[in-house]
Amino acid sequence: MLSIVFHKRRRLVRRLFFNHEQVRTMSRVKRRTTHPPYWHVLKNNQRQDEKISSDNLRFVREVIQDKYKNKSPIKGSDLDIEKKEWDPKTKRSGVIARNIGVQHMWEKDGKKVVCTVLHVLDNHVIRYVPPEEYAKSIIGAKVFRNRKPLGCLVVGAEAANPDRFTRQYCSLFSEVGLLPKKRLARFIVTPNAVLPPCTPLTAGHFVIGQAVDVYGKTIDYGFQGVVKRWGFKGGPASHGATKFHRRGGTIGTGRDKARVWPGQKMPGHMGSERRFCRGLKIVRINMKYNVIYVKGTVPGPTNSIVQIFDTLLPRRKFTEAPPHPTYFPPEDGTLPQEDIWDSSLHVFGSPSISV
Amino acid sequence: MRQLFANRTSSILLQEKCDEADEKSVSKQKPGDESGNTVVVAPPEFRFMYPEFLPDPAMERRNRLKEKLERIDMLQRRSVVEIPEFYTGSVMAVTVADANSPNKFARFVGICIQRGGSGLRAWFILRNVVDKQGVEILYEMYCPLIQKIEVLRLERRLDESLLYLRDALPEYSTFPLDMEPERRLNNSVVPINPLKVKLRPRPWLERWERQNLQGVEDLNLPQRFYDKAEKVAKPWEKYDLMLQYRKTIPAEEQEKIFSDVHSQLQQQEFKRKMRRRRGTDNEQ
């Protein structure tokens, strides 16, 4: 049976078979919640109108700054290099970034390329969960049910004032001695790519020309009708159509099963779902502002948070060792190259292209 | 009259431009900020000369860091190619690298009928009539295939968008392809051409009677068209301050953006003038 399916990338795809089994099982999966998982610690403080004077407020801020000031960043030489050799099966940590918009760039033959600009926030490693322990957790048990367990690195980004968080949430960071972070993420890593807590992760973690996967939550469209949500054609705009312009039409045959199949496409909530964009190529890295330009688009609206990590696609993985386990600025004080471009891109300061 | 918001589309703009143009090319210096350093402020004409440096006003998609990085890229590109000041109604010539042309370069002359986009996406449309066929080409200002942009006649018209030239008599859109650049008598003021264009008889591509066009001769339509236009019109929009606010970047932000960009643009212009002078000296 031919059916036209509306893909998440808004391209019409013809599928030869409508897999009722798969659609039925997947339609019962809960895709969004408005609350965090039950094992999460309560995060945000209820805003209490504390009538605090401006002098006291300044004092509180100074105390916070003093407390977290003298954390020196981890250097590359602090790590034992013997344990951590790169091999093709290594999984490195990922990075939390903000999608700050889309910029048009041009390739050397004049072809225009749409690039997403991702701003790598102030990432720090919070803690490492070794494979044996992670395999016992709820998510870890599901992920590693039939395969060898790997470790889990918890990374935080965007430091914020501790006042806005609860004490339990701040305690997650107190062992490490970091300002509490607004966002946390887990990255699956092999034991040879482990990073000690407090390690900063920057844009230099990635290599020009590599492929990355970007995970984000798609744009929230709210409750949408069947035309926008599933790409139905609706009805005629004129020629006497009574109240049938953007409706779904028939929802069953009336014959086999004599009911509506689960998974029948109907209006409902659209968007705000976890999605991965796989194999996006990094075309430019700006080390000064910690910004990565990635060829293509990523899930989510502008100014939303995404996670970036090395691609899982087998043909686009690394053949040479990347900065492993992460990038550390050179210790002899030499500054790295500020703006690194991929060889296929036209650099803006260079002369115009003559074909 | 002090204008609250820098609005590109309102007709008040045109009057303002004439007043402000007297102080052109003199960068003002603010009396000083708290630290006592003088802050150089770009001249107010910059928002008309370089409108693509202003970002898209939609708040959901704005990000200061991204706009800053985009501006750096734009200035880099401008250091290689001179993108001159132009307005809708100016006659321009653009040379583009084209693999299919005999010389590998294609040059097109036309009148700018519309310009838009912000940042590296900025574009303009040139229109000309070639062999009795109207031709319009959209050029992206920062595309690296563009070799040269010349302004042959720098002037403005009574409207911000000249799309009505598509329905006008062809002589209003015809410009010789070997047109020479015209010298301006008065460098400080950009002249406004008060030309009123004659349209062909209906049917038209758009309902021009509903668009308050200044640069078009009397349309001579039956009264029912004007009655319907009045019914459909939104005369309250010119009093809607929030609508104007949402469509524009606030003046303080504009000042910040242009003061960022001002010194670099001045340096680039200076270098170009020196190169030109050296070029004429060599010829002599």
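All values derive from a computational prediction rather than experimental measurement. In this convention, every chain numbers its residues from 1, walking through the sequence in written order. Throughout, the order in which chains and ligands are written sets their labels, letters from A for the former and numbers from 1 for the latter. In view of the model being predicted, local features appear only for residues whose pLDDT reaches at least 70, and side-chain atom pairs are presented and counted only at 80 or more, with totals across whole chains, interfaces and linings using the full set of residues. As a convention, hydrogens and water are excluded, and side-chain values are obtained from all of the structure's heavy atoms.

*Asks:* Account for the overall build of chain B, with residues named and values stated.
*Replies:* In this text, helices come from DSSP runs of H or I with a minimum length of four residues, and strands from runs of E with a minimum of two, each type numbered from the N-terminal end. The number of helices and strands found in chain B is six helices and seven strands. Counting from the amino terminus, helix and strand elements in chain B follow one another as α-β-β-α-α-β-β-β-β-β-α-α-α. Counting only residues that meet the buried cut, chain B has 44% of its 284 residues in that class. The Shrake-Rupley method, run with a 1.4 Å probe, gives the accessible areas here. Residue values count only the displayed protein chains as cover. Put simply, chain B shows about 16,800 Å² of open surface, and 50% of that area lies on carbon and sulfur atoms. Burial classes follow relative accessibility: with a 1.4 Å probe on protein chains only, a residue under 20% of its type's maximum area counts as buried, one over 50% as exposed, and anything between as partly exposed.

*Asks:* With reference to specific residues and values, describe the confidence of the model for chain A.
*Replies:* All names here are of chain A. A residue's pLDDT is the predictor's confidence in that residue, given on a scale from 0 to 100. Here chain A averages 86 in pLDDT, while 91% of its residues score no lower than 70. By mean pLDDT, the top-scoring element of chain A is strand S13 (residues 291-295) (97), and the lowest-scoring one is strand S1 (residues 3-6) (43). In what follows, a contact means two residues having at least one pair of non-hydrogen atoms within 4.5 Å. Scored below 50 in pLDDT, residues 1-12 makes 32 contacts in the model with residues more than four places away or belonging to other chains.

*Asks:* Which residues make up the environment of Arg-31 of chain A, and what are the values?
*Replies:* Residues and elements named next belong to chain A. With respect to the secondary-structure elements, Arg-31 resides in the loop between helix H1 (20-27) and helix H2 (54-69). Residue classification places Arg-31 among the partly exposed positions, given a relative accessible area of 44%. With 307 residues separating them along the chain, Arg-31 and Glu-338 place their C-alpha atoms 41 Å apart. At 2.5 Å, the side chain of Arg-31 and the side chain of Glu-273 are in polar contact. Polar contacts, as counted here, are pairs of nitrogen or oxygen atoms within 3.5 Å of one another; within protein the pair requires one atom able to donate a hydrogen and one able to accept it, and residues that are adjacent in sequence qualify only if both atoms are side-chain atoms.

*Asks:* Tell me what's going on with the sheet that holds strand S7 (residues 181-189) of chain A, and back it up with residues and numbers.
*Replies:* Read across the sheet, four strands follow the order S7-S6-S5-S8 (chain A) without closing on themselves; strand pairing throughout is antiparallel. Here the strands that pair on one side only, and so sit at the sheet edges, are S7 and strand S8 (200-201) of chain A. When DSSP finds at least two bridges between two strands, those strands are taken to pair.

*Asks:* Give a description of the interface of chain B and chain A that names residues and reports values.
*Replies:* With 28 residues of chain B at the interface, the matching set in chain A holds 28 residues. For any pair of parts, buried area is found by adding up, for both, the accessible area (1.4 Å probe) each one loses once the two are put together. Note on chain B versus chain A: buried area summed over both sides is about 2,200 Å², and carbon and sulfur give 59% of it. Salt bridge criterion: a side-chain nitrogen from Lys or Arg within 4 Å of a carboxyl oxygen from Asp or Glu. Summed over the shared surface of chain B and chain A, the number is two salt bridges. In this structure, Lys-112 of chain A and Glu-140 of chain B form a salt bridge, with 2.6 Å as the shortest nitrogen-oxygen distance. The set of elements that each furnish at least two residues to the side of chain B that touches chain A consists of helix H3 (64-80) and strand S7 (146-153) of chain B.

*Asks:* Outline the pattern of salt bridges, listing residues and values.
*Replies:* Per the stated rule, a full pass over the model turns up 30 salt bridges over all chains. Note that Arg-166 of chain B and Glu-136 of chain B form a salt bridge whose closest N and O atoms lie 2.7 Å from each other. Residue Arg-166 of chain B is located in the loop between S7 and helix H4 (223-232), and its partner Glu-136 of chain B is located in strand S6 (residues 133-140); the two are separated by 30 residues in the primary sequence. One connected set of salt bridges, linked through shared partners, spans Arg-31, Arg-32, Glu-273 and Arg-275 of chain A.

*Asks:* Account for the pairing of strand S6 (residues 151-159) of chain A, naming residues and giving values.
*Replies:* Residue and element names in this part refer to chain A. Judged by how many residues are buried, S6 sits mostly within the fold: eight of nine residues are covered. Pairing of strand S5 (residues 123-129) with S6, which is carried by five bridges, proceeds in the antiparallel orientation. Each residue of the ladder has a partner; that of Val-129, found in S6, is Cys-152. The pairing of S6 with S7 spans eight bridges and is antiparallel. By the bridge assignment, Gly-156 is partnered in S7 with Leu-184.

*Asks:* Which residues make up the nonpolar core, and what are the values?
*Replies:* By size, the foremost hydrophobic cluster in this structure holds 54 residues, and its most contacted members are Phe-53, Met-92, Val-94, Phe-124, Leu-126, Tyr-139 and Tyr-142 of chain B. Boundary definitions for the domains trace back to an automatic or database domain assignment. Of the residues that make up this core, three or more belong to each of domain 1 (38-83 + 249-279) and domain 2 (85-225) of chain B. Setting aside anything within four residues of it in sequence, one finds Val-94 of chain B in contact with Ala-106, Arg-107, Phe-108, Phe-124, Leu-126, Tyr-139, Ile-146, Lys-148 and Ile-149 of chain B. Counting 33 residues, the second-largest nonpolar core is a separate cluster that includes Val-95, Val-155, Tyr-215 and Ile-308 of chain A. The set of buried Ala, Val, Leu, Ile, Met, Phe, Trp, Tyr and Cys residues whose side-chain atoms join them within 4.5 Å is what this entry labels a nonpolar core.

*Asks:* Help me get a handle on the side chain of Arg-229 of chain A, residues and values and all.
*Replies:* Residues and elements named next belong to chain A. Its place among the elements puts Arg-229 in helix H6 (residues 226-230). Charge assignment: positive for Lys and Arg, negative for Asp and Glu; neither His nor the chain ends contribute. Although Arg-229 is buried, it forms no salt bridge, and the closest oppositely charged side chain is Glu-273 at an N-O distance of 5.7 Å. A distance of 2.7 Å separates a polar atom in the side chain of Arg-229 from the backbone oxygen of Met-266. A distance of 3.0 Å separates the side chain of Arg-229 from the backbone oxygen of His-269, its partner in a polar contact.

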